[in-house]
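# Remarks on the overall topology
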Amino acid sequence: MLLHRHTAVTIAIHLRSETTNTPSRKRSGHNQGETIFMKKLALAAVALCFALGGTVARAQDAGALLDLLVKKRLITDQEAEEVRGELIKESAETSAGKWKLSTPITEIELYGDVRLRYNYDGGETKSRGPVAHPGVGVAGLDDWQERSRERYRLRLGLRGTLMDDWFFGLRLETNASPRSTNVTFGGDTSPSSPGGGGPFAKGDDTIYVGQAYAGFKGFPDFTFTGGRMPNPLVTTLMVWDPDINPEGLAEQWKHTFTFTFGGGGGAVQSYSKGGYSKEGKGVVAAPASEPFKLKLDLFANFGQFVYDDANPENPLGTRPTTNANTGSPQEIPHYDAFLLAWQVGGRLTFPNNVYFQVAPVLYNYTGNGDTFNFHFQGGSPYVTNAASALQNQTGINSLLVLEVPMEVGWKIGQLPMRIFSDFATNFEANDRANAAVVFDSHNNVIASPGPGHGDQRYAYTAGLGIGQLKEKNDWQIDIWYQHAEQFSLDPNLIDDDIFNGQLNMHGIAARAAYNLSSAVNLTLTYGHGWWYNHNLGTGGVGQAATGLNPLAQFNWFTADLNVKF
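What this report covers is the structure whose coordinates are included nearby. Just so it is clear, the structure is predicted and the values come from calculations on it, not from any experiment. (Residues numbered from 1 in each chain as written. Predicted model: local features only at pLDDT ≥ 70, side-chain atom pairs only at ≥ 80, totals over all residues. Heavy atoms only, no water.)

### Here's the deal with the overall build of the protein chain
Within the protein chain, the regular secondary structure consists of 7 helices and 24 strands. Counting every position in the protein chain, which comprises 565 residues, the buried fraction comes to 42%. The contacts of the protein chain with a sequence gap of at least 6 include a subset with a gap of at least 24, amounting to 68%. As displayed, the protein chain has an accessible area near 29,000 Å², and 59% of this comes from carbon and sulfur atoms. (Helix = DSSP H or I, 4+ residues; strand = E, 2+ residues; numbered from the N terminus. Buried < 20%, exposed > 50% of the residue type's maximum accessible area, 1.4 Å probe, protein only. Contact = heavy atoms within 4.5 Å. Areas by Shrake-Rupley, 256 points an atom, 1.4 Å probe, with all protein chains shown as cover.)

### Focus on the environment of Asp 241
Relative to the elements of secondary structure, Asp 241 occurs in the loop between β6 (222-228) and β7 (247-261). When near neighbours in sequence (up to four residues on either side) are disregarded, Asp 241 contacts Arg 179, Leu 493, Ile 494, Asp 495 and Asp 496.

### Things to note about the packing of aromatic side chains
For the structure shown, the criterion picks out 15 aromatic pairs. Where Trp 240 meets Tyr 363, the ring centres are 6.5 Å apart and the plane angle is 50°; that geometry is what we call tilted. Placement of the pair is Trp 240 in the loop between β6 and β7 and Tyr 363 in strand β15 (residues 361-366), with a sequence separation of 123 residues. The pair Trp 240 / Tyr 363 is uniform in exposure class, with both members buried. Here a set of aromatic residues connected by ring pairs shows up, and it is made of Trp 166, Phe 216, Phe 219, Phe 222 and Phe 224. Between Lys 217 and the ring centre of Phe 167, over which it is positioned, the NZ or CZ distance is 5.4 Å. The ring of Tyr 355 carries the charged tip of Arg 347 above its face, separated from the ring centre by 3.8 Å. (Phe/Tyr/Trp six-rings, centres within 6.5 Å; stacked < 30°, edge-to-face > 60°. Lys NZ or Arg CZ within 6 Å of the ring centre and 35° of its normal.)

### A closer look at the pairing of strand β3 (residues 166-174)
Across 8 bridges, strand β2 (residues 144-162) lies against β3 in antiparallel orientation. Each residue of the ladder has a partner; that of Leu 162, found in β3, is Trp 166. What sits between the antiparallel neighbours β2 and β3 is a turn of 3 residues, in which Asp 164 has the positive phi angle 65°. Note that β3 and strand β5 (residues 207-216) share 9 bridges and pair antiparallel. Each residue of the ladder has a partner; that of Trp 166, found in β5, is Phe 216. (Pairing = 2+ DSSP bridges.)

### What about the pattern of salt bridges?
Pairing is possible between side chains that carry opposite charge, provided their charged atoms lie close to one another. By the definition in use, this model includes 9 salt bridges. With a shortest N-O distance of 3.1 Å, Arg 153 and Asp 113 are connected by a salt bridge. Of the two residues, Arg 153 is situated in strand β2 and Asp 113 in strand β1 (residues 105-124); the sequence distance between them amounts to 40 residues. Via salt bridges that share partners, Asp 113, Arg 153 and Arg 155 belong to a single interconnected network. (Salt bridge = Lys/Arg side-chain N within 4 Å of Asp/Glu carboxyl O.)

### Quick word on the nonpolar core
By size, the foremost hydrophobic cluster in this structure holds 28 residues, and its most contacted members are Trp 240, Leu 339, Tyr 363 and Leu 489. Secondary-structure elements contributing two or more residues to this core are β10 (292-308), β13 (337-350) and β15. If we skip the residues at most four places from it in the chain, Leu 489 touches Met 238, Val 239, Leu 399, Val 401, Ala 424, Arg 432, Ala 459, Ala 484, Ile 494 and Leu 503. With 10 residues, the next largest nonpolar core counts Trp 480, Met 505, Leu 551 and Trp 556 among its residues. (Core = buried A, V, L, I, M, F, W, Y, C linked by side-chain atoms within 4.5 Å.)

### Considering empty space enclosed by the protein
Under the counting rule described, the total for this entry stands at 2 cavities of 30 Å³ or more. Taken as a whole, the largest cavity holds about 90 Å³ of empty space. Taken together, Leu 237, Met 238, Gln 482, Ala 484, Ile 494, Asp 495, Ile 498, Phe 499, Gly 501, Gln 502, Leu 503 and Met 505 make up the lining of the largest cavity. Of the residues belonging to the lining of the largest cavity, the class tally is 8 nonpolar, 3 polar and 1 charged. In this structure, the second largest cavity encloses a volume near 70 Å³. Taken together, the residues of the lining of the second largest cavity sort by class into 7 nonpolar, no polar and 1 charged. (1 Å grid on protein atoms, 1.4 Å probe; cavity = no way out; pocket = protein on both sides within 12 Å on 5 of 7 lines; lining within 4 Å. Points joined across faces, edges and corners; volume = space filled by probe spheres on them. Nonpolar A, V, L, I, M, F, W, Y, C, P; charged D, E, K, R; others polar.)

### Brief notes about the side chain of Asp 560
If you trace the backbone, Asp 560 turns up in strand β24 (residues 553-564). There is a polar contact of 2.7 Å between the side chain of Asp 560 and the side chain of Arg 117. Discounting residues that sit within four places of it in the chain, Asp 560 has contacts with Arg 115, Leu 116, Arg 117, Asn 521, Leu 522 and Thr 523. (Polar contact = N/O pair within 3.5 Å; in protein donor to acceptor, adjacent residues only side chain to side chain.)

Have a look at this one:
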């Protein structure tokens, strides 16, 4: 755009010089004609700037160009205002000119995606008792529950930058669930569905706010964000479902260093910001041979996410209590719960796009709120499936989790490849396991699978990725193994697709994708998981389609057509 502006100004100055070089007696005889000529000249120069630029940039360049012409005394203030008026009039008569932006917005982007999905999931119960009395919807031994669905999702967003280094984002999406944006075809036909149901009803075709955030980038290398935001952490779906957009505050820092070795100049370090070296920094004389260059990206990400807002914080009267999941009455907390994340990491890039990245992050919780304050139990194989599923699956007590995602990438010829992994451990797993005790209505222990299983604190995944999706006909295949023990992770955050959002599971998964165009791709995903420790349940919320605990086996398959814009 800078080139376009200079081109228009050059044309204006060149034509002006031709008029000023004419004899004075000719100029004096044609002042009125010259004024009209200069107005047309300014209009032509600004119109050229508009024709060559983008919508927002055109408006900026037009104003800057007119200001420059006034400063150079090529046109008067009055002539500049007349040209502005003519441009506004002409712009309003075009379709592009009808899209108006407020003055603080310097750049705006409309984006989104539509996905059509076929989805199959099925789960199997355990092969041993106890089993409840037979009945409709009551699980038996080796019993399968399956579901096949046709689904869609829509996500539509705006993001932009504002004056003085501020930015914002807004995204609308289908489905109210924090871990899904899917809508099931024919899933709202019941008369009890909003709108009365029936075929092709729209009771669940509702739009929700998935992201709404604002931030500031006014300090070098720093980004500050607040609101419902895209996940600011480097992580994997073993720990975070990719559909979750946390709410709260985030602070991010990233700085890039480049190092040059050899080439006759020895080792030279150059400072860079945003991946681009500053001019004149770390530059050596032309080497006799090609230097060896390294790039090091260091980053830190911090999050203060509002996990559960207790309301009210100071209730009237006596504090409420509950006997649920406890051996004695327990007061319900009246203070908010926060999830705090502390991440530092780095990415080292070698020549030929070889890189290594590691990004440890520590999670701790402050408060329990009024929803997640009961002790996690996670189910038991020693009671019926129904009784096991009713045990607490969402408690966030005794969680201090360290996660270490890593990735190594390289190319074989032009084929990108990478090895990715993640490891997590809960330092407070002993306390979490000892609290997983089930009481009856008389405060007697009826199931205590947790105590003595504090060693079930680890989660890890490892996989191989081949290919990369960028342009038409690109393809990508990912294959991985995942293992998550009962007391290792927060069950409210883990991905709910591959292993049904349940812990004490391990298994394999594969994903293959092909770009039909740069904006459209077909993706196939398959996962198969098994019950890991048979002395414990398979804790986690799980999907309504397969609400089994313990979940002996689980199959997941999707075929997606993704259209991005």
